Amino acid sequence: MTHSNNKIELERRFMIVVAIIWIMLLAVLPLVNTASVQIFGIPLLWFWVLLWVIIVPIVLSIAYIMLEG
Amino acid sequence: MPEEAIIATSIISIVLVIMFITGVLAYKYRIKTLRADTYMVAGRVLGTVVVFLNMAAVIYSGFAFLGAAGWSYAYGAPVLYIWMYGALAYTLAFFFAPRIWRIANGQGLLTQPDYFQWRYNSKLLMILTALIGIIFNIPYIQLQILTTKYVLDLSTYGALPTLHVAVISFLLVVIYVFLGGMVSVAITNVFLGTIMLAGMLGGSLLLITYYFGGLPGLFQAVSLTSPKSLYLWSSAGRTSIQWVITAALGSGLGFWVWPQLAQTIFPAKDVKVLRKSITMTSWYHVLGIIWASLTGLVALAIGLKLKVADYAFLTLTGNTFGPVALGLIGAAGMAAALSSAAGILLTQASLLSRNIYQLWLKPNASDREVILASRISVLIFALIGVILAYIAPAYLVYLLLIGYTGITQMFPGFVLGTIWKWITKEGVLAGLITGLIAGILTAFVWPDYLGIHSIIWGLIFNLPIALLISKLTYKGDNA
């Protein structure tokens, strides 16, 4: 496999990770829409969104390092 | 003028002066030869720090700074749509923006409608997308002037005619955009983008820590004073789950379709710089707007009564930490508004001079003529923004959402067109017109029908038509 093919395959895998993030943020939202359950003192709805929103730059940083670094 | 007002206003004035001097000096010392590509995309030579902070400063406008806090104060959990759509948009850009950059670099494209002209070989589509970009951005300019006014309302304690002063501040921006184009805008935005982040992160962390010691304390207090703000409770409207999901999805898809955001992609010197900048801006999102939006909850939790929800961040800062802090956060708020205004003005001017004037009305126009047309356009759009700010002030987020619905209808042509070669101009055009009609109807006649955001209603009609007609009209590679 050439370097270019490796990069395309790696990019494809990161796209799958991103698709999972979109599903977790959008499709799963109705399931976590509650304030009665809390994690670390933060209502589940807010915790869930915060968690995935923080995961995004971490994933992009890893993707940048692996694809361009 | 009261002493507090003098202190806060002085800090804001210092930032304005530095901004103006930076913009003018960038024009004087960083531009050797002024060409159309220097004026519109800074000659495609910018490095990571400038591309990243220019991107962040243009993206995070007055709405982000004050409107997000106002939104959480007024509605509570629906503010999460703002957290989500930014995150979604950066993941999209990480993969999509390099494709656009490579095409723009290879083909010498300077604006987003240039891409439509090149990709679909259609002057009509280029003109239409240029007009959409211009028209839907008009309220956005007005929005930035009004944000500047809101900042001044609070920081001058009513001692100044704030709308007039806001317009003067905006005119300082107009001068350096007029002179230096993208070079002045991008270099000034390094300064403004830094101040914004410091204000959003520093101000909100201080407020949350001061009152509640951290996030658990904040949410505990909100659960006592306004428990419904912590989840999405209604069956329709902005506090419903379907509204938040569709607003986040629609705004995430439409994010990079805004021509001024597409314009921040082009000045990068290579793909590596572009991807690094997008990644860094996604960190900016987490460290900046998310924390700024939480200050609305702080205001809610301490029972602060506000006449205008968008005043939450600044009022809290002033009441809690006094005029110096108010001046610093106010300066950051103004930086957010004016940096976005600069990016929008330049983009509108570029669309008019490049796509309407040079590529349609006068195809043999020289570089010199195009730059002159751009500069005249800067003045025209600045004047329109100022007039509207005087005669039609309105709520921040409301204006943004109307624009979003219209702009996002270019998504199939701009984003999907880079991925699938079988997308055709007939498909894009039919989808665009249908999506615009559906979007406008569900924004004004049946607002967010069934609790679904009008952006998504537009796309529900736009996408199937764009894809179906593209399939029917695609004639293959040899066509």
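Residues numbered from 1 in each chain as written. Chains lettered and ligands numbered in written order. Predicted model: local features only at pLDDT ≥ 70, side-chain atom pairs only at ≥ 80, totals over all residues.

A. View of the overall build of chain A. Secondary structure summary: chain A contains 2 helices and 2 strands in total. Mapped from its N terminus to its C terminus, chain A presents α and β elements in the order α-β-β-α. Whereas a compact globule of 69 residues would reach a radius of gyration of roughly 11 Å, chain A reaches 16 Å, over 25% beyond that. Projected onto its principal axes, the C-alpha coordinates of chain A cover approximately 50 × 20 × 10 Å. Burial analysis of chain A (69 residues in total) assigns 26% to the buried set. (Helix = DSSP H or I, 4+ residues; strand = E, 2+ residues; numbered from the N terminus. Rg over C-alpha atoms; globule rule 2.2 N^0.38 Å. Buried ≥ 20, exposed ≤ 12 C-beta atoms within 10 Å, placed from the backbone.)

B. Examining the interface of chain A and chain B more closely. On the chain B side, the residues contacting the 29 residues of chain A number 31 residues. When residues of the side of chain A that touches chain B are assigned to their parent elements, the largest contribution, 12 residues, is made by helix H2 (residues 44-67) of chain A. Here the side of chain A that touches chain B is composed, by residue class, of 23 nonpolar, 4 polar and 2 charged. (Contact = placed C-beta atoms within 7 Å. Nonpolar A, V, L, I, M, F, W, Y, C, P; charged D, E, K, R; others polar.)

C. Expanded view of the packing of helix H1 (residues 3-30) of chain B against helix H8 (residues 162-212) of chain B. Residues and elements named next belong to chain B. Where H1 contacts H8, the two axes come as close as 7 Å, and the packing angle between them is 110 degrees. Comparing their axes, H8 and H1 come out roughly perpendicular. Contact with H1, carried on its side by Val15, Leu16, Ile18, Met19, Phe20, Thr22, Gly23, Val24, Ala26, Tyr27 and Arg30, involves Ser169, Leu172, Tyr176, Leu179, Gly180, Val183, Ser184, Ile187, Thr188, Phe191, Leu192 and Ile195 of H8 and no other residues of that element. Split into classes, the residues belonging to the contact of H1 with H8 amount to 16 nonpolar, 6 polar and 1 charged. (Axes fitted to C-alpha atoms, helices over the stretch in contact; angles between N-to-C directions. Parallel < 35°, antiparallel > 145°, perpendicular 65-115°, else oblique.)

D. Quick look at the environment of B:Leu359. Residues and elements named next belong to chain B. Note that Leu359 resides in helix H15 (residues 323-361). You can call Leu359 buried: it has 21 C-beta atoms within 10 Å. Ignoring any residue separated from it by four or fewer positions in sequence, one finds Leu359 in contact with Gln117, Met126 and Arg354.

E. Summary view of helix H16 (residues 367-391) of chain B. Across its 25 residues, H16(B) extends 36 Å between first and last C-alpha, which sits within 8% of the 36 Å expected from 1.5 Å per residue. Next to the buried residues of H16(B) lie helix H2 (36-41), helix H7 (123-155), H8 and H15 of chain B. (Expected span 1.5 Å × (residues − 1).)

F. Expanded view of the packing of helix H19 (residues 425-445) of chain B against helix H20 (residues 454-473) of chain B. Residue and element names in this part refer to chain B. Two elements in contact, H19 and H20, have axes separated by 7 Å at closest approach and are oriented at 160 degrees. Between H19 and H20, the interaxial angle falls into the category roughly antiparallel. By crossing handedness, the relation of H19 to H20 is classed as right-handed. Partitioned by chemical class, the residues of the contact of H19 with H20 number 15 nonpolar, 11 polar and 1 charged. (Left-handed = near helix turned anticlockwise from the far one by under 90°.)

Shape is all these values report; function is a separate question.
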